[in-house]
Amino acid sequence: MAEVEKVFISGLHEELAEDRVINEKDLDPEFAKEIRKYGGKNVMTCLQCGNCTGVCPISLKIDYKTRNIIKCCQFGLKKYTLGTRWVCATCYRCYEHCPADLNPAEVMIALRHIAVREGIVPPFVKIAATNLVKYGQSVKPDPEIDKIRVELGLKPVHADQERLTAVVREIQTLVHATKYDKLIGIQEEVKL
Ligand code: SF4
Ligand code: SF4
(Lines give C-alpha, C1' and ligand atoms only; values in the text may rest on other atoms or scores of the structure.)
(Ligands and ions follow the chains in the order given, each with its own letter.)
Protein backbone atom coordinates (compact mmCIF):
# COMPACT_ATOMS: atom_id res chain seq x y z
CA MET A 1 0.00 0.00 0.00
CA ALA A 2 1.30 3.46 -0.82
CA GLU A 3 2.71 5.50 2.04
CA VAL A 4 -0.02 7.61 3.63
CA GLU A 5 0.82 10.85 5.36
CA LYS A 6 -0.77 11.64 8.68
CA VAL A 7 -1.49 14.90 10.38
CA PHE A 8 -2.59 15.74 13.91
CA ILE A 9 -6.32 16.45 13.86
CA SER A 10 -7.37 15.78 17.44
CA GLY A 11 -7.59 12.90 19.87
CA LEU A 12 -4.67 11.32 21.69
CA HIS A 13 -1.73 13.25 20.34
CA GLU A 14 0.96 10.72 21.22
CA GLU A 15 -0.82 7.99 19.26
CA LEU A 16 -0.90 10.02 16.12
CA ALA A 17 1.78 11.13 13.73
CA GLU A 18 3.90 14.18 14.26
CA ASP A 19 2.38 17.61 13.90
CA ARG A 20 2.38 18.97 10.42
CA VAL A 21 1.52 22.37 9.10
CA ILE A 22 -1.43 22.18 6.75
CA ASN A 23 -0.90 24.30 3.69
CA GLU A 24 -3.47 25.46 1.22
CA LYS A 25 -2.07 22.99 -1.31
CA ASP A 26 -3.10 20.15 1.06
CA LEU A 27 -6.75 21.11 0.77
CA ASP A 28 -8.96 19.72 -1.94
CA PRO A 29 -12.10 21.89 -2.10
CA GLU A 30 -13.80 19.30 -4.31
CA PHE A 31 -13.29 16.41 -1.90
CA ALA A 32 -16.74 16.49 -0.27
CA LYS A 33 -18.25 16.47 -3.75
CA GLU A 34 -16.08 13.54 -4.78
CA ILE A 35 -17.21 11.58 -1.71
CA ARG A 36 -20.84 12.15 -2.73
CA LYS A 37 -20.04 10.97 -6.25
CA TYR A 38 -18.89 7.65 -4.83
CA GLY A 39 -21.96 7.09 -2.67
CA GLY A 40 -21.24 9.00 0.54
CA LYS A 41 -23.55 11.63 1.99
CA ASN A 42 -22.59 15.27 2.51
CA VAL A 43 -19.77 15.27 5.09
CA MET A 44 -20.33 18.98 5.68
CA THR A 45 -23.46 18.08 7.69
CA CYS A 46 -21.33 16.34 10.36
CA LEU A 47 -21.70 18.00 13.78
CA GLN A 48 -18.44 16.54 15.11
CA CYS A 49 -20.36 15.14 18.08
CA GLY A 50 -18.13 12.05 18.28
CA ASN A 51 -20.95 9.49 18.66
CA CYS A 52 -19.55 7.52 15.72
CA THR A 53 -16.13 7.16 17.35
CA GLY A 54 -17.73 6.19 20.65
CA VAL A 55 -19.59 3.22 19.19
CA CYS A 56 -17.05 2.14 16.57
CA PRO A 57 -15.65 -1.32 17.41
CA ILE A 58 -12.32 -0.61 15.78
CA SER A 59 -11.83 2.99 16.92
CA LEU A 60 -9.21 1.96 19.48
CA LYS A 61 -7.17 0.29 16.77
CA ILE A 62 -6.84 3.11 14.30
CA ASP A 63 -4.85 6.32 14.17
CA TYR A 64 -7.78 8.40 13.00
CA LYS A 65 -11.12 7.73 14.61
CA THR A 66 -14.29 7.91 12.59
CA ARG A 67 -14.99 11.50 13.63
CA ASN A 68 -11.40 12.50 12.76
CA ILE A 69 -11.73 10.99 9.30
CA ILE A 70 -14.99 12.85 8.70
CA LYS A 71 -13.29 16.04 9.89
CA CYS A 72 -10.44 15.50 7.41
CA CYS A 73 -13.09 15.04 4.73
CA GLN A 74 -14.76 18.32 5.72
CA PHE A 75 -11.43 20.14 5.45
CA GLY A 76 -10.70 18.53 2.09
CA LEU A 77 -7.62 16.79 3.49
CA LYS A 78 -7.91 14.01 1.00
CA LYS A 79 -4.40 12.65 1.25
CA TYR A 80 -4.73 12.18 5.00
CA THR A 81 -7.81 9.99 4.70
CA LEU A 82 -6.34 7.39 2.39
CA GLY A 83 -5.14 4.79 4.88
CA THR A 84 -7.20 3.97 7.94
CA ARG A 85 -10.66 3.41 6.49
CA TRP A 86 -9.70 -0.05 5.27
CA VAL A 87 -10.15 -1.40 8.79
CA CYS A 88 -13.78 -0.23 8.93
CA ALA A 89 -15.91 -3.33 9.42
CA THR A 90 -18.96 -1.69 7.77
CA CYS A 91 -20.98 -2.68 10.83
CA TYR A 92 -23.06 0.54 10.54
CA ARG A 93 -23.09 1.18 14.29
CA CYS A 94 -21.91 4.73 13.55
CA TYR A 95 -24.90 5.23 11.29
CA GLU A 96 -27.33 4.14 14.01
CA HIS A 97 -25.89 6.75 16.39
CA CYS A 98 -25.34 9.64 14.00
CA PRO A 99 -27.66 12.60 14.75
CA ALA A 100 -26.86 14.11 11.36
CA ASP A 101 -27.96 10.98 9.45
CA LEU A 102 -24.60 11.12 7.73
CA ASN A 103 -23.82 7.39 7.67
CA PRO A 104 -20.04 7.45 8.21
CA ALA A 105 -19.85 3.80 7.09
CA GLU A 106 -20.79 4.80 3.57
CA VAL A 107 -18.29 7.64 3.65
CA MET A 108 -15.66 4.99 4.47
CA ILE A 109 -16.83 2.93 1.50
CA ALA A 110 -16.67 6.00 -0.76
CA LEU A 111 -13.13 6.67 0.49
CA ARG A 112 -12.16 3.11 -0.45
CA HIS A 113 -13.52 3.66 -3.95
CA ILE A 114 -11.52 6.86 -4.26
CA ALA A 115 -8.33 5.30 -2.85
CA VAL A 116 -8.47 2.38 -5.30
CA ARG A 117 -8.90 4.78 -8.19
CA GLU A 118 -5.82 6.63 -6.95
CA GLY A 119 -3.85 3.37 -7.03
CA ILE A 120 -3.94 2.73 -3.28
CA VAL A 121 -4.86 -0.93 -3.00
CA PRO A 122 -3.83 -2.68 0.22
CA PRO A 123 -2.19 -6.09 -0.35
CA PHE A 124 -4.99 -7.94 1.46
CA VAL A 125 -7.54 -6.69 -1.06
CA LYS A 126 -5.45 -8.03 -3.94
CA ILE A 127 -4.96 -11.34 -2.16
CA ALA A 128 -8.68 -11.77 -1.48
CA ALA A 129 -9.60 -10.79 -5.06
CA THR A 130 -6.98 -13.15 -6.50
CA ASN A 131 -8.34 -16.02 -4.42
CA LEU A 132 -11.85 -15.15 -5.58
CA VAL A 133 -11.02 -15.36 -9.28
CA LYS A 134 -8.89 -18.49 -8.79
CA TYR A 135 -10.87 -20.52 -6.28
CA GLY A 136 -14.33 -18.93 -6.22
CA GLN A 137 -13.82 -17.80 -2.61
CA SER A 138 -11.83 -15.04 -0.97
CA VAL A 139 -9.90 -17.43 1.27
CA LYS A 140 -7.51 -19.95 -0.28
CA PRO A 141 -8.89 -23.48 0.14
CA ASP A 142 -7.15 -25.35 2.94
CA PRO A 143 -6.72 -29.15 2.57
CA GLU A 144 -6.91 -29.41 6.37
CA ILE A 145 -10.48 -28.08 6.26
CA ASP A 146 -11.41 -30.71 3.71
CA LYS A 147 -9.85 -33.38 5.92
CA ILE A 148 -12.00 -32.29 8.85
CA ARG A 149 -15.09 -32.12 6.64
CA VAL A 150 -14.51 -35.69 5.43
CA GLU A 151 -14.02 -36.86 9.04
CA LEU A 152 -17.39 -35.29 9.83
CA GLY A 153 -19.01 -37.13 6.93
CA LEU A 154 -19.22 -34.03 4.71
CA LYS A 155 -18.01 -33.60 1.15
CA PRO A 156 -14.83 -31.58 0.52
CA VAL A 157 -15.57 -27.91 -0.18
CA HIS A 158 -14.94 -28.26 -3.90
CA ALA A 159 -16.14 -31.82 -4.43
CA ASP A 160 -18.08 -30.80 -7.54
CA GLN A 161 -15.26 -29.68 -9.87
CA GLU A 162 -17.60 -29.03 -12.80
CA ARG A 163 -19.71 -26.63 -10.75
CA LEU A 164 -16.62 -24.94 -9.34
CA THR A 165 -15.26 -24.34 -12.85
CA ALA A 166 -18.58 -22.77 -13.89
CA VAL A 167 -18.68 -20.55 -10.79
CA VAL A 168 -15.08 -19.38 -11.28
CA ARG A 169 -15.82 -18.59 -14.90
CA GLU A 170 -18.87 -16.51 -13.93
CA ILE A 171 -16.83 -14.60 -11.37
CA GLN A 172 -14.01 -13.98 -13.85
CA THR A 173 -16.49 -12.79 -16.48
CA LEU A 174 -17.97 -10.26 -14.05
CA VAL A 175 -14.61 -9.11 -12.74
CA HIS A 176 -13.34 -8.59 -16.28
CA ALA A 177 -16.52 -6.95 -17.64
CA THR A 178 -16.57 -4.42 -14.82
CA LYS A 179 -12.82 -3.78 -15.27
CA TYR A 180 -12.32 -4.59 -11.60
CA ASP A 181 -9.35 -6.79 -12.53
CA LYS A 182 -7.59 -3.87 -14.19
CA LEU A 183 -8.52 -1.48 -11.40
CA ILE A 184 -6.77 -3.50 -8.71
CA GLY A 185 -4.10 -5.06 -10.95
CA ILE A 186 -5.07 -8.73 -11.10
CA GLN A 187 -5.62 -9.01 -14.89
CA GLU A 188 -3.12 -11.85 -15.19
CA GLU A 189 -5.26 -13.98 -12.86
CA VAL A 190 -8.31 -13.80 -15.14
CA LYS A 191 -8.14 -16.58 -17.73
CA LEU A 192 -11.20 -16.26 -19.95
S1 SF4 B 1 -21.94 10.69 14.73
FE2 SF4 B 1 -22.42 11.76 12.79
S3 SF4 B 1 -22.53 13.92 13.34
FE4 SF4 B 1 -21.49 12.89 15.03
S5 SF4 B 1 -19.28 13.06 14.56
FE6 SF4 B 1 -19.97 11.12 13.72
S7 SF4 B 1 -20.55 11.57 11.58
FE8 SF4 B 1 -20.43 13.53 12.68
S1 SF4 C 1 -19.22 1.07 10.11
FE2 SF4 C 1 -16.97 1.29 10.28
S3 SF4 C 1 -16.67 3.34 11.10
FE4 SF4 C 1 -18.81 2.80 11.45
S5 SF4 C 1 -18.87 1.93 13.53
FE6 SF4 C 1 -18.64 0.23 12.10
S7 SF4 C 1 -16.42 -0.12 11.95
FE8 SF4 C 1 -16.72 1.93 12.85
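Preceding block: the structure.
Residue numbers here run from 1 along each chain, matching the order of that chain's written sequence. Working convention: letters from A go to chains and numbers from 1 go to ligands, in the order in which they are written. Per-residue local features of the predicted model are confined to residues with pLDDT of at least 70, and side-chain atom pairs are confined, for both listing and counting, to 80 or more; whole-chain, interface and lining totals are unaffected and use all residues. Side-chain numbers come from the whole structure's heavy atoms, not from hydrogens or water.

Chemist: With reference to specific residues and values, describe the packing of helix H6 (residues 123–135) against helix H8 (residues 161–177).
Modeler: Lines are fitted to the C-alpha atoms to define the axes, a helix being fitted only along its stretch in contact, and any angle between axes, read from their N-to-C directions, falls within 0 to 180 degrees. A run of DSSP states H or I qualifies as a helix once it reaches four residues; a run of E qualifies as a strand once it reaches two. Both are numbered from the N-terminal end. Look at H6 against H8: their axes get within 7 Å of each other, and the N-to-C directions meet at 130°. Taken together, the axes of H6 and H8 lie oblique to each other. For the pair formed by H6 and H8, the contact residues are Leu-132, Val-133, Lys-134 and Tyr-135 on the first element and Leu-164, Val-168, Ile-171, Gln-172 and Val-175 on the second. Basically, the charged four are Asp, Glu, Lys and Arg, the nonpolar ten are Ala, Val, Leu, Ile, Met, Phe, Trp, Tyr, Cys and Pro, and anything else, Gly included, counts as polar. Residues that form the contact of H6 with H8 fall into these classes: seven nonpolar, one polar and one charged. Orientation categories follow fixed angle ranges, with anything under 35 degrees roughly parallel, anything over 145 roughly antiparallel, 65 to 115 roughly perpendicular, and all other angles oblique. By definition in these notes, contact holds between two residues if any of their heavy atoms fall within 4.5 Å.

Chemist: Run through the site of ligand 1, naming residues and quoting values.
Modeler: Contacts to ligand 1 come from 13 residues, most closely from Cys-46, Cys-49, Gly-50, Cys-52 and Cys-98. Grouping the constituent residues of the shell around ligand 1 by class yields nine nonpolar, three polar and one charged. In these notes, residues near a molecule or strand are those with any non-hydrogen atom within 4 Å of it.

Chemist: An account of the environment of Tyr-38 is needed here, citing residue identities and associated values.
Modeler: By secondary structure assignment, the location of Tyr-38 is in the loop between helix H1 (31–37) and helix H2 (51–55). The rule is simple: take the accessible area with a 1.4 Å probe, protein chains only, and divide by the maximum for that residue type; under 20% is buried, over 50% is exposed, in between is partly exposed. Residue class for Tyr-38 comes out partly exposed when judged on its relative accessible area of 22%. Distance from Tyr-38 to Ile-114, taken between C-alpha atoms, is 7.4 Å for residues 76 residues apart in sequence. Other than its neighbours up to four places away in sequence, Tyr-38 contacts Ala-110, His-113, Ile-114 and Arg-117.

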